[in-house]
Amino acid sequence: MRVIDHIHNARETIFSFEILPPLKGQNIRNIYDTIDPLMEFKPPFVNVTYHREEVVYKRLDSGLLEQKVVRKRPGTVGICAAVQNRYKIDAVPHILCGGFSREDTENALIDLDFLGIENVLALRGDSIKGETYFVAEKNGHTYASELVGQITGMNKGIYLDEELKNNTPTNFCVGVAGYPEKHFEAPSINNDIENTIRKVEAGADYIVTQLFFDNKSYFNYVDKCRKAGITVPIIPGIKPIATKRHLSVLPHRFHVDIPDDLVKAVINCKDNAEVREVGIEWAIEQCKELKESGVPVIHFYSMGKVDNIQAIARAIF
Ligand code: FAD
């Protein structure tokens, strides 16, 4: 079933979360161990992230560095099929512009369609290590809005080969990303929202936000989007802080602000067990307020850790 239909059918806020494919060489059991403890909260769908290739350097005996291109977390499509089959819930694979030509995208979407996957989260992806700015694949998409256009085109039976006739339309529900604190490359929040409008005009059904720690930034963002004419659901993304290291990692990686009260509380913790409790309490307060405001879904970023999400969900759902 399409995410947007889950949202329309729901009587109250839906619980959802995202999982990462395990590192290459590990087992699908890792995925089940992540999902199993969260099934009691009845997630109707689960997102599965996509990780593109990375450039790594290996020092050779000669002292020279050998450059290798590796994908450390492959398996998104296989995991989606396994999740749908095992849990009878919908899987939402993330698909990227980065690393994909239009032809690759079309073929990937055909695979998803044949596997009975009806949802995708369409993203541009980031630059790979060694590139300062994102570089599109030859004959690939530069912005997520173009990717959305290709997907919604296939929903109308439009394939790249114009000579193909009487094509079966696909039925993908398309989510896209939104940034309450602005995407780091955008010159201003209003400009970023204008670019988000392009994704909605291309046919995106809903928006999932980048993680945030201050609900005010989410509420302000929703307000600005509504004033700009965006009417699709905007799903808040929540990530509980769990370690002291998160104070530097999360702002660096996700370009988000951490409120002073939370920073102080984390700094005052004697160890990461205490930080975990602080993170849970903070996220519970965020989720209570979000739920009371009537958000359609609360989406949790698991980053492979679920015990804290389980504790939060027990308090909220
Ligand atoms: P876009 O919407 O294309 O925007 C990128 C930048 O370009 C923005 O600054 C935007 O304002 C600007 N822009 C857009 N259109 C135009 C235009 N026409 N002209 C000029 N500027 C424009 N990354 C992964 O690699 N794998 C994942 O699984 C993954 N999952 C994610 C899930 C969520 C919910 C979120 C919020 C992010 C996720 N990301 C993931 C990260 C994402 O790929 C990066 O944030 C990326 O830098 C931007 O992706 P986007 O789809 O928002 O890009």
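Just above sits the structure.
Residues numbered from 1 in each chain as written. Predicted model: local features only at pLDDT ≥ 70, side-chain atom pairs only at ≥ 80, totals over all residues. Heavy atoms only, no water.

Across its full length, the protein carries 11 helices and 10 strands. Here the C-alpha radius of gyration of the protein, 20 Å, is about what a compact globule of 317 residues would show, namely 20 Å. Over its C-alpha atoms, taken along the principal directions, the protein stretches across nearly 65 × 65 × 45 Å. When each of the 317 residues of the protein is scored for burial, the buried share is 49%. (Helix = DSSP H or I, 4+ residues; strand = E, 2+ residues; numbered from the N terminus. Rg over C-alpha atoms; globule rule 2.2 N^0.38 Å. Buried < 20%, exposed > 50% of the residue type's maximum accessible area, 1.4 Å probe, protein only.)

Moving on, we come to the site of the ligand. In the region of the ligand, 23 residues are neighbours, and Tyr50, Asp126, Tyr179, Asp192 and Lys199 sit closest. Within the backbone of Ala186, one N or O atom sits 3.5 Å away from an oxygen atom of the ligand. For the ligand, the accessible surface in isolation is 980 Å², of which the surrounding protein chains cover 86%. At 4 residues, helix α6 (residues 189-201) tops the list of elements feeding residues into the shell around the ligand. (Near = heavy atom within 4 Å. Polar contact = N/O pair within 3.5 Å; in protein donor to acceptor, adjacent residues only side chain to side chain. Areas by Shrake-Rupley, 256 points an atom, 1.4 Å probe, with all protein chains shown as cover.)

On the basis of which strands lie adjacent, the closed barrel formed by 8 strands has the order β1-β2-β5-β6-β7-β8-β9-β10 and parallel pairing. Taking each pair of neighbouring strands and ignoring which way they run, the sheet shows an average axis angle of 30°. Across 3 bridges, strand β8 (residues 206-211) lies against strand β9 (residues 234-238) in parallel orientation. Bridge assignment links Ile207 to a residue of β9, and that residue is Ile234. (Pairing = 2+ DSSP bridges. Axes fitted to C-alpha atoms, helices over the stretch in contact; angles between N-to-C directions.)

Moving on, we get to the packing of helix α7 (residues 215-227) against helix α10 (residues 272-292). One can describe the packing of α7 onto α10 by two numbers: an axis separation of 10 Å at closest approach and a directional angle of 30°. Between α7 and α10, the angle falls in the class roughly parallel. Taking contact as the criterion, the partners of Asn215, Tyr218 and Phe219 in α7 are, on α10, Glu285, Gln286, Glu289 and Leu290. A per-class count over the contact of α7 with α10 returns 3 nonpolar, 2 polar and 2 charged. (Parallel < 35°, antiparallel > 145°, perpendicular 65-115°, else oblique. Contact = heavy atoms within 4.5 Å. Nonpolar A, V, L, I, M, F, W, Y, C, P; charged D, E, K, R; others polar.)

As for its position among the elements, Ser145 is in helix α5 (residues 144-155). In this structure Ser145 touches Arg198, Lys199 and Ala202, once residues within four positions along its chain are discounted.

Attention now goes to the nonpolar core. In terms of nonpolar packing, the biggest core is built from 61 residues, with Ile151 and Phe300 touching the most fellow members. Ignoring any residue separated from it by four or fewer positions in sequence, one finds Ile151 in contact with Ile95, Leu109, Val120, Ala122, Thr170, Phe172 and Val174. Within the second largest apolar cluster, 30 residues are counted, among which are Ala177, Phe254, Leu262 and Cys269. (Core = buried A, V, L, I, M, F, W, Y, C linked by side-chain atoms within 4.5 Å.)

On to the packing of aromatic side chains, then. Inspection of every chain in the model, using the stated rule, returns 8 aromatic pairs. Between Phe15 and Phe300, the ring centres sit 5.6 Å apart and the planes meet at 40°, which makes this aromatic pair tilted. Note that Phe15 is positioned in strand β1 (residues 14-19) and Phe300 in strand β10 (residues 297-301), a separation of 285 residues in sequence. An identical accessibility class is assigned to Phe15 and Phe300; each is buried. (Phe/Tyr/Trp six-rings, centres within 6.5 Å; stacked < 30°, edge-to-face > 60°.)

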